[in-house]
Amino acid sequence: MNNNIIYMDNHATTPIAPEVLAAMMPYLTTHFGNAASTHPFGVTAKDAVDKARQQVAELLGCSGAEIVFTSGATESDNLAVRGIAYACREQGNHIITSTAEHHAILDTCHALATEGFETTYLPVDKYGRVSPDDVEAAITSRTILMSFMYANNEVGTINPITDIAAVAAKHGVPFHSDAVQGIGQLPSDMERLGVDLASLTAHKIYGPKGIGALYIRRNGSRPHSLFHGGGQEDGVRPGTLNVAGIVGLGAACELAKNYMETGKNCVATLRNSLHQKLNTRLEDIHLNGHPEQRLPGNLNLCFAGVQSHALLMGLKSVAVSTGSACDSESVKASHVLVAMGVPNELALTTVRFGLGRYNTAEEVDVVADEVVKVVNRLRELALE
Ligand SMILES: Cc1ncc(COP(=O)(O)O)c(C=O)c1O
């Protein structure tokens, strides 16, 4: 159905890699056992889960015992923030995060306010980065958690995670990172990054939707479970394991590990080529996010004078995203761009290109031609 549309929205989700699908298929068909069962069907499923846990652990440079499988990053974020808040409520009630986080973090913190927890929302700089000095200054004797994303899903900016981790360690505050966009694209060794908890999800790394994990450092604070049930995943996340999904996540992690060693620069080269083609042929376009400290496939641009929704409707052969959201009444600029200080009028002209593993140089040419054509046409129409 979508054969003629070029997919450049890989921050929203990625296609399932053929290798991942092949690894999953037996667990959707013949190997359907419950990993908790003791008969051979169960043992086959449990062996597959153990293998996948190891594949995830290898990408993260951690032990399998430090991985808890979840339904995705929204759940991992909720488990980390709410679970640590509950686990540490005797020590304090203060959380630190930033205004540019994903809503899975922001809305969890907002919800916790009704239960007596207080959150400091730190500002970000014009590139979307949190300052480690601001983090240090915000810590109080009541601080029980800090949560900062590894890389931003809209503008791709990479936070100074290791510096923030050093601040967290110095003050003994547990540090969670929503690492969804960074894991599998940027250095993913948890020990080196220095985080205590990290969220990831398979569908951003060419795995299936509805499966993710939370890394929980051994010897660190352990979140309280948000559910009651059968005791799976050490009781932190009970529920029958999604064996096929877990196998898919494991396979995706193994592929990502290999790809990072060989292919990461290819995506950045294509992204830079698209940026250069647009820059040389169009006036008044602005890059959002950090020029260097940015995800390899991310290109978030404002096309001054062109409403992003009009641009998206005009682009017939490419799938990309806007930097804004429609509610019933109006179009709102993204909270990330607002946090970075991008003027509202400009923020409403934003388009996010998310290049990925399967994009090609030919596709970049087609997309550049089409964007130039549609932007020029919309700008001409605005003058009439
Ligand atoms: C930074 C970030 N955090 C969390 C999520 C939510 O992930 P999931 O779709 O697995 O719930 C996303 C996905 O859009 C994301 O980009």
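The shown structure was predicted, so the numbers you read here are calculated from the model rather than taken from an experiment.

Caption draft 1: Expanded view of the nonpolar core. One finds Tyr215, Val243, Val247 and Ala252 to be the most contacted residues of the largest nonpolar core, which totals 91 residues. In terms of residues, this core owes the most to one element, helix H8 (residues 243-262), which gives 10 residues. Two domains each put at least three residues into this core: domain 1 (18-260) and domain 2 (263-383). With residues near it in sequence (within four places) discarded, Ala252 still touches Ala17, Val20, Ala202, Ile205, Tyr206 and Gly207. Formed by 23 residues, the second largest nonpolar core is a distinct cluster that contains Leu270, Val320, Val351 and Val374.

Caption draft 2: Molecular detail of the domain arrangement of the protein chain. Under the domain assignment used here, the protein chain contains domain 1 (18-260) and domain 2 (263-383). Contacts between the two partners involve 20 residues from domain 1, matched on the other side by 20 residues from domain 2.

Caption draft 3: Structural context of the site of the ligand. What surrounds the ligand is a group of 13 residues, the closest being Gly72, Ala73, Thr74, Asn153 and Thr201. Counting residues per element, the shell around the ligand draws most heavily on helix H3 (residues 73-87), which supplies 3 residues. The residue makeup of the shell around the ligand, split by class, is 4 nonpolar, 7 polar and 2 charged.

Caption draft 4: Spatial organisation of the packing of H3 against helix H4 (residues 103-112). Contact geometry of H3 with H4 gives a least axis separation of 9 Å together with a crossing angle of 35 degrees. In this structure, H3 meets H4 at a crossing whose hand is right-handed. For the pair formed by H3 and H4, the contact residues are Ala73, Thr74, Asp77, Asn78, Val81, Arg82 and Ala85 on the first element and Ala104, Ile105, Thr108, Cys109 and Leu112 on the second. Counted by class, the contact of H3 with H4 contains 7 nonpolar, 3 polar and 2 charged residues.

Criteria and thresholds
Counting restarts for each chain, with residues numbered from 1 along the sequence as it is written. For a predicted model such as this one, the threshold for reporting local features is a pLDDT of at least 70, and the threshold for listing and counting side-chain atom pairs is 80 or more; totals across whole chains, interfaces and linings nevertheless cover every residue. A set of buried residues drawn from Ala, Val, Leu, Ile, Met, Phe, Trp, Tyr and Cys, joined through C-beta atoms within 7 Å, is what defines a nonpolar core. With C-beta atoms placed from the backbone, the exposure class of a residue follows from how many other C-beta atoms lie within 10 Å of its own: 20 or more, buried; 12 or fewer, exposed; in between, partly exposed. Numbering goes from the N terminus for both helices and strands, where a helix is a DSSP run of H or I of at least four residues and a strand is a run of E of at least two. The split into domains, and so the bounds of each, comes from an automatic or database assignment of domains. Residues are treated as contacting if the C-beta atoms built from their backbones sit within 7 Å of each other. As used in this record, a residue near a molecule or strand is one whose C-beta atom, placed from the backbone, is within 6 Å of it. Think of it as three bins: nonpolar holds Ala, Val, Leu, Ile, Met, Phe, Trp, Tyr, Cys and Pro, charged holds Asp, Glu, Lys and Arg, and polar takes everything else, Gly as well. Only C-alpha atoms enter the line fits that serve as axes; for helices the fit covers just the stretch in contact. Angles between N-to-C directions range over 0 to 180 degrees. Crossing handedness is defined as follows: a turn of the near helix away from the far one that is anticlockwise and smaller than a right angle gives a left-handed crossing, while the clockwise case is right-handed.

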